[in-house]
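# Structure assessment
Listed here are the chains, written in short residue letters.
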Amino acid sequence: MRLLLKMSHALCAAALAALSMAAAAQNTSVGYVKTVTGDAWVSTAGQRVKAAPGTEVSIGSQIKTAPGASLGITFKDNTVMSFGPDTEMTVDAYLYAPAQGQLQLSTSLVKGSLNYVSGVIAKLKPDAVTVKTPSGIIGVRGTQFLAKVEGAQ
Amino acid sequence: MKVRTTLPLAIKRLVLTGLACSLLAACAGPQSYVALVPSPDGSLGKVVVKGQQGEQLLTRAQQGALLDGSKPPFDVSSEQLQRDFGAAMRARPAMPEQFLLYFETGGSELTAESKALLQRIVQSALARTAVDMSVIGHSDTQGAADANEALALQRATAVADQLRGLGLAATTMAIESHGERNLLISTPDETPEPRNRRVEITLR
């Protein structure tokens, strides 16, 4: 019985440690907001903040611009993304550890307009960069592109 | 008045159809689509779309494809791109800027030329809005790998301290060491190479 109790304590501790590690990983910033006009927001782990130059963007962050607003972000690997009005995008995955060969940048454009300039991740591992949209997935081979998603009719 | 009424019917029809087409084209461009444009450095890459209806590859500037992949690529006019993406393009942050600083052998003493570059880095950083920077230290392959890991971190830290002293005290800096793992000029082990003894600074 004692042993069981001890084991469950150990398990709890391990689970807690894993949880806090996951939280720490999620809150690590992967980029910063650099430009904003009008009203825009960055939501991370349930916390919504009004975007301003310097606002952190993390894995899981959702970016939203109001009608008439726009916003630009520069990521750690020099990927530059900017958004026009009434746009919604999330950062689904971001890995940038070139020395370990860990590279990934996945985002989802739910609606609105995007200007994308690819960075180091696309240069080192083109297959690791995608933009998901409701009707298709965009793959990037080192370039600048523009994408527009019209809202559901 | 007289002239207009005597226009042949066929021409009238043509004019009307043309007008309707151009009106339509102006109002309803492609709906959900992606367009390839040259990068800020002038180079042109590629974009591939995997949609529910097919796969398309874009290789030319101002070529577009529907996001569902249903149609072959088409040309998109500059006017159309402006209409659809003008705001997103104007919101694009300044492109990141990179600087390389070099060191005398074995320590964190900058070469004279690199020392002279510090002030320019500070000026460029201050000219940006909400700048954040990374300071990554590197070594050549002379000496043990773990010693080089420490040496490269010492170089990055030394440069960061100098930049803070020159006016960047409030700037967000990510300081890292890549040791001898990320050579600019690839060399065998135990090779002194001035171009590998460096700190890479990126302003974002």
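Residues numbered from 1 in each chain as written. Chains lettered and ligands numbered in written order. Predicted model: local features only at pLDDT ≥ 70, side-chain atom pairs only at ≥ 80, totals over all residues.

## Focus on the overall build of chain B
Counting its secondary structure elements, chain B contains five helices and nine strands. Along chain B, helices (α) and strands (β) appear in the sequence α-α-β-β-β-β-β-α-β-α-β-α-β-β when read from the amino end. Counting the 204 residues in chain B, one finds 30% classified as buried. Of the contacts formed within chain B by residues at least 6 apart in sequence, a portion of 61% connects residues at least 24 apart. (Helix = DSSP H or I, 4+ residues; strand = E, 2+ residues; numbered from the N terminus. Buried ≥ 20, exposed ≤ 12 C-beta atoms within 10 Å, placed from the backbone. Contact = placed C-beta atoms within 7 Å.)

## Considerations on the domain arrangement of chain B
Each assigned domain of chain B is listed with its residue range as follows: domain 1 (30-92) and domain 2 (97-203). Taking only C-alpha atoms into account, the centre of domain 1 of chain B sits 38 Å from that of domain 2 of chain B. (Domains from an automatic or database assignment.)

## Quick notes on the sheet that holds strand β9 (residues 198-203) of chain B
Residues and elements named next belong to chain B. Read from one edge to the other, the open sheet built from four strands follows the order β6-β9-β7-β8, with strand pairing classed as mixed. At either margin of the open sheet sits one strand with a lone partner, and together these are β6 (97-102) and β8 (172-177). The average angle at which neighbouring strand axes cross in this sheet is 15°, direction not considered. Docked against the sheet, helix α4 (residues 112-126) engages β6, β7 (132-137) and β9, running at close to 160° with respect to β6. Where helix α5 (residues 145-168) meets the sheet, it contacts β6, β7, β8 and β9, and its direction lies at approximately 160° from that of β8. (Pairing = 2+ DSSP bridges. Axes fitted to C-alpha atoms, helices over the stretch in contact; angles between N-to-C directions.)

## Here's the deal with the interface of chain A and chain B
The interface of chain A with chain B comprises 38 residues on the first partner and 42 residues on the second. Looking at the side of chain A that touches chain B, the elements with two or more residues in it are β1 (29-37), β6 (70-75), β7 (80-83), β9 (102-117), β11 (136-141) and β12 (144-149) of chain A. For the side of chain A that touches chain B, a count of residues per class yields 16 nonpolar, 18 polar and four charged. Judged from the five bridges that link them, β12 of chain A and strand β1 (residues 33-37) of chain B form a sheet pairing that is antiparallel. Considered in β1 of chain B, the bridge of phenylalanine 145 of chain A is made with leucine 36 of chain B. (Nonpolar A, V, L, I, M, F, W, Y, C, P; charged D, E, K, R; others polar.)

## Some remarks on the pairing of strand β3 (residues 47-50) of chain A
Note that strand β2 (residues 40-44) of chain A and β3 of chain A share four bridges and pair antiparallel. Looking at β3 of chain A, one finds that threonine 44 of chain A is bridged to glutamine 47 of chain A.

## Focus on the nonpolar core
Counting 53 residues, the largest nonpolar core has Leu71, Leu114, Phe145, Leu146 and Ala147 of chain A together with Val34 and Val47 of chain B as the members making the most contacts within it. For this core, the element with the highest residue contribution is β9 of chain A, accounting for six residues. Residues contacting phenylalanine 145 of chain A, with those up to four places away along its chain left out, are Tyr116 of chain A together with Val34, Ala35, Leu36, Val37 and Val47 of chain B. Core analysis: the next-biggest nonpolar cluster, separate from the first, contains 20 residues, Ala125, Met133, Ala156 and Val199 of chain B among them. (Core = buried A, V, L, I, M, F, W, Y, C linked by C-beta atoms within 7 Å.)

## Here we look at the packing of α4 of chain B against α5 of chain B
Residues and elements named next belong to chain B. Where α4 meets α5, the axes come as close as 10 Å, and the angle between the chain directions of the two elements is 60°. When the axis of α4 is compared with that of α5, the two are oblique. In this structure, α4 crosses over α5, and the sense of that crossing is right-handed. Where α4 abuts α5, its residues Leu118, Gln119, Ile121, Val122, Ala125 and Leu126 lie against Gln162, Leu163, Leu166, Gly167 and Leu168. (Parallel < 35°, antiparallel > 145°, perpendicular 65-115°, else oblique. Left-handed = near helix turned anticlockwise from the far one by under 90°.)

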